[in-house]
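Chains, contacts and geometry: an overview
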Amino acid sequence: MSFTPMGNMMFRQQDHHHEQIAQQAATKAGPSTTTKMLPVDFQPTPYTVLFGRGKKCTQACGNRRLRVTAMMFLDRYAKAETKDQKSEIVTEIQGTVQASCPGGRGAFVRENSEGHWIEVDSIMAREKISQVLRDLLHTKYRSSVKNKIAVRRKRRIQARSSITSMDTTMSSSEEFQESSTEFDSSSEFDPTVSRDMFE
């Protein structure tokens, strides 16, 4: 599977956004949210999904596999009518990833500031899976990363267009004022001319 530079950049933005959303979900969940420190010699497997920023996470084999796995469930997810149905699909995907990792551990991990791998909790893992599904259905979900990026791009274009329009209007106004000033100065009232005209 090959990825273009633009595609890689998009995936980096998506993965970073997924992590932010997952962390927000974990914060809302309260104190029941827990993470587990993995053994010091732990190394991510080709099926491990990494949380974090940069190419290390974006290009990780497990992150790519997650997107491919999610695509296999995409039709069902798109047709799901209730939250429970969607939740079941997320559970299936989560189980698929965990079953691919030895002992079901180290399926969804992040690296701390000391370079140690930590297994994220189920809430963060599920939110990441849900966000991947929404991104794949970006035309249907306003919360997808692609849709948000498109909206931001559209707003930037509109803002630039408005600034250009304002500059053009101001320039035209200044030119009009300059021409009016020239007209006024060239047609000053001359009382002698007026008397000659009426005598």
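Residues numbered from 1 in each chain as written. Predicted model: local features only at pLDDT ≥ 70, side-chain atom pairs only at ≥ 80, totals over all residues. Heavy atoms only, no water.

Now for the packing of helix H3 (residues 61-72) against helix H6 (residues 122-136). Where H3 contacts H6, the axes come no closer than 10 Å and their chain directions differ by 65°. For the pair H3 and H6, the sense of crossing is right-handed. Only Lys128, Ile129, Val132, Leu133 and Leu136 of H6 make contact with H3, whose side of the interface consists of Asn63, Leu66, Arg67, Ala70 and Met71. Within the contact of H3 with H6, the residues separate by chemical class into seven nonpolar, one polar and two charged. (Axes fitted to C-alpha atoms, helices over the stretch in contact; angles between N-to-C directions. Helix = DSSP H or I, 4+ residues; strand = E, 2+ residues; numbered from the N terminus. Left-handed = near helix turned anticlockwise from the far one by under 90°. Contact = heavy atoms within 4.5 Å. Nonpolar A, V, L, I, M, F, W, Y, C, P; charged D, E, K, R; others polar.)

Looking at the protein, the pLDDT average stands at 77 and 59% of residues meet or exceed 70. Mean pLDDT across the elements of the protein bottoms out in helix H1 (residues 5-29) (52) and peaks in helix H5 (residues 83-100) (96). For residues 25-32, every residue scores under 50 in pLDDT, and the model assigns this stretch seven contacts once sequence neighbours within four places are set aside. (pLDDT = per-residue confidence, 0-100.)

Strand order in the open sheet formed by four strands is E1-E4-E3-E2, and the pairing between neighbours is mixed. One side of each edge strand has no neighbouring strand; the edge strands of this open sheet are strand E1 (36-37) and strand E2 (49-51). Here strand E3 (residues 108-111) runs beside strand E4 (residues 117-119); their pairing, made up of three bridges, is antiparallel. What sits directly across from Glu111, in E4, is Trp117. Seen against the sheet, H6 touches E2 and E3 and runs at an angle of roughly 100° to E2. (Pairing = 2+ DSSP bridges.)

As a further point, take the pattern of salt bridges. Evaluation of the coordinates by the stated rule reveals five salt bridges. The salt bridge partner of Arg76 is Glu92, with a shortest N-O separation of 2.8 Å. With Arg76 in helix H4 (residues 74-79) and Glu92 in helix H5, this residue pair connects regions lying 16 residues apart in the sequence. Across the salt bridge formed by Arg105 and Glu119, the nearest N and O atoms sit 3.7 Å from each other. Here Arg105, found in the loop between H5 and E3, pairs with Glu119, found in strand E4; they are 14 residues apart in sequence, far enough to count as distant. Glu119 gets classed as buried once you look at its relative accessible area, which sits at 10%. (Salt bridge = Lys/Arg side-chain N within 4 Å of Asp/Glu carboxyl O. Buried < 20%, exposed > 50% of the residue type's maximum accessible area, 1.4 Å probe, protein only.)

Taken as a whole, this structure holds zero aromatic pairs when the rule is applied. The ring of Tyr47 carries Arg65 above its face, with NZ or CZ at 4.4 Å from the centroid. Lying over the aromatic face of Tyr77, Lys86 brings its terminal NZ or CZ to 5.6 Å of the ring centre. (Phe/Tyr/Trp six-rings, centres within 6.5 Å; stacked < 30°, edge-to-face > 60°. Lys NZ or Arg CZ within 6 Å of the ring centre and 35° of its normal.)

Put simply, H5 and H6 touch, their axes get as near as 10 Å, and they point 110° apart. Compared by their axis directions, H5 and H6 come out roughly perpendicular. Side by side, H5 and H6 meet where Ser87, Val90, Thr91, Ile93 and Gln94 of the first sit next to Ser122, Ala125, Arg126, Ile129, Ser130 and Leu133 of the second. Of the residues belonging to the contact of H5 with H6, the class tally is five nonpolar, five polar and one charged. (Parallel < 35°, antiparallel > 145°, perpendicular 65-115°, else oblique.)

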